[in-house]
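Chain by chain, the residues:
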Amino acid sequence: MAKHPLGALEPRFLGLLTIRLGALFVFASALMMLVDVPLEGEASRFGIGSFELAGVPQQALRILLEWKSRDALGHARLSLLVDFVYLLIYGLFFACLATWVGARLNESKWSARAAWAATVAAVFDMLENAVLLYELARFTSPSPYPQVAASFALAKFGLLLFSAAYSLVGGLALLRRR
């Protein structure tokens, strides 16, 4: 497994960077939740997340029609555009966290995998956003766009779950050592 570029950073600097990115991640997550509020509705109970995971053209179109009836298409576009910044923040945070935990555990194999998982998750999110923006611009959801977006979203969530789980388990192991 190739070493993640963040592994080249000095552990002390990596720790400080992780803490700062963690604070930025919390702030950005709160901002994303606020941007998402106008998108929550009957067809989209989880806001933009419902659109990401619609999976079938009929459900994606139902969400788009609901948003259009509530004049919320601009909010959907804004949410997706802001997500391009958010994915950089969470991708870096989770990659730094995994690398920092690995450095503290003196373990590089799984920490590199977890860091790469966070990085690849951000790339999948970028691709997912591009597909969803295309659907919004065309105001249509023909096959295979909803399926492609949902596939990218599921891959993103799975990779982030792996990265976060590694960091959580590694963090607990660090606490246990004390």
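These remarks concern the structure in this document. Here the structure is a predicted model, which is why all the values come from computation and not from measurement. (Residues numbered from 1 in each chain as written. Predicted model: local features only at pLDDT ≥ 70, side-chain atom pairs only at ≥ 80, totals over all residues. Heavy atoms only, no water.)

1. Details of the overall build of the protein
Here comes step 1: Scanning the protein for helices and strands turns up six helices and zero strands.
Here comes step 2: Each helix and strand of the protein, placed in order from N terminus to C terminus, yields the pattern α-α-α-α-α-α.
Here comes step 3: By principal-axis analysis of the C-alpha atoms, the protein measures approximately 55 × 30 × 25 Å.
Here comes step 4: A buried classification covers 45% of the 178 residues belonging to the protein.
Here comes step 5: Of all intrachain contacts in the protein linking residues separated by at least 6 positions in sequence, the fraction that spans at least 24 positions is 78%.
Here comes step 6: Charge-centre separation for the protein: the mean point of 16 positive side chains lies 12 Å from the mean point of 12 negative side chains. (Helix = DSSP H or I, 4+ residues; strand = E, 2+ residues; numbered from the N terminus. Buried < 20%, exposed > 50% of the residue type's maximum accessible area, 1.4 Å probe, protein only. Contact = heavy atoms within 4.5 Å. Lys, Arg positive; Asp, Glu negative; His and termini not counted. Charge placed at Lys NZ, Arg CZ, Asp CG, Glu CD.)

2. Remarks on the nonpolar core
Here comes step 1: In this structure, Phe25, Tyr86, Tyr90, Phe93, Phe94, Val101 and Tyr166 are the most contacted members of the largest nonpolar core, which totals 26 residues.
Here comes step 2: Mapped by element, the contributors of at least two residues to this core are helix 1 (11-36), helix 4 (73-105), helix 5 (109-138) and helix 6 (145-177).
Here comes step 3: Looking at this core element by element, the count peaks at 12 residues for helix 4.
Here comes step 4: Not counting residues within four places of it along the chain, the set of residues in contact with Phe93 comprises Thr18, Leu21, Gly22 and Phe25.
Here comes step 5: One finds Phe51, Ala72, Val131 and Leu133 within the second-largest nonpolar core, a separate group that totals 19 residues. (Core = buried A, V, L, I, M, F, W, Y, C linked by side-chain atoms within 4.5 Å.)

3. Here we look at helix 4
Here comes step 1: The end-to-end C-alpha distance of helix 4 is 46 Å, a good match for the 48 Å that 33 residues give at a rise of 1.5 Å each.
Here comes step 2: Where helix 4 bends most, at Phe84, the angle is about 35°.
Here comes step 3: Downstream of helix 4 by one or two residues, Asn106 has phi in the positive range, about 60°. (Expected span 1.5 Å × (residues − 1). Bend = angle between axes of the 7 residues up to and from the residue.)

4. Focus on the packing of helix 4 against helix 6
When two helices pack together, their arrangement is given by the angle between the helix axes and the distance between those axes.
Here comes step 1: With their axes 9 Å apart at the nearest point, helix 4 and helix 6 run at an angle of 35° to one another. Crossing geometry of helix 4 relative to helix 6 is assigned as left-handed. Contact residues: Tyr90, Phe94, Leu97, Ala98, Val101, Gly102, Arg104 and Leu105 in helix 4; Lys156, Leu160, Ser163, Ala164, Tyr166, Ser167, Gly170, Gly171, Ala173, Leu174 and Arg177 in helix 6.
Here comes step 2: Considered class by class, the residues forming the contact of helix 4 with helix 6 number 11 nonpolar, five polar and three charged. (Axes fitted to C-alpha atoms, helices over the stretch in contact; angles between N-to-C directions. Left-handed = near helix turned anticlockwise from the far one by under 90°. Nonpolar A, V, L, I, M, F, W, Y, C, P; charged D, E, K, R; others polar.)

5. Thoughts on the packing of aromatic side chains
Here comes step 1: Within this structure, the stated rule accounts for nine aromatic pairs.
Here comes step 2: Aromatic side chains Tyr134 and Tyr145 sit 4.8 Å apart centroid to centroid with 40° between the ring planes, which places their arrangement in the tilted category. Remark: Tyr145 occurs in helix 6 and Tyr134 occurs in helix 5; sequence separation between them is 11 residues.
Here comes step 3: Residue classification places Tyr134 among the partly exposed positions, given a relative accessible area of 30%.
Here comes step 4: One residue, Lys68, lies across the ring of Phe139, its end atom 5.1 Å from the ring centre. (Phe/Tyr/Trp six-rings, centres within 6.5 Å; stacked < 30°, edge-to-face > 60°. Lys NZ or Arg CZ within 6 Å of the ring centre and 35° of its normal.)

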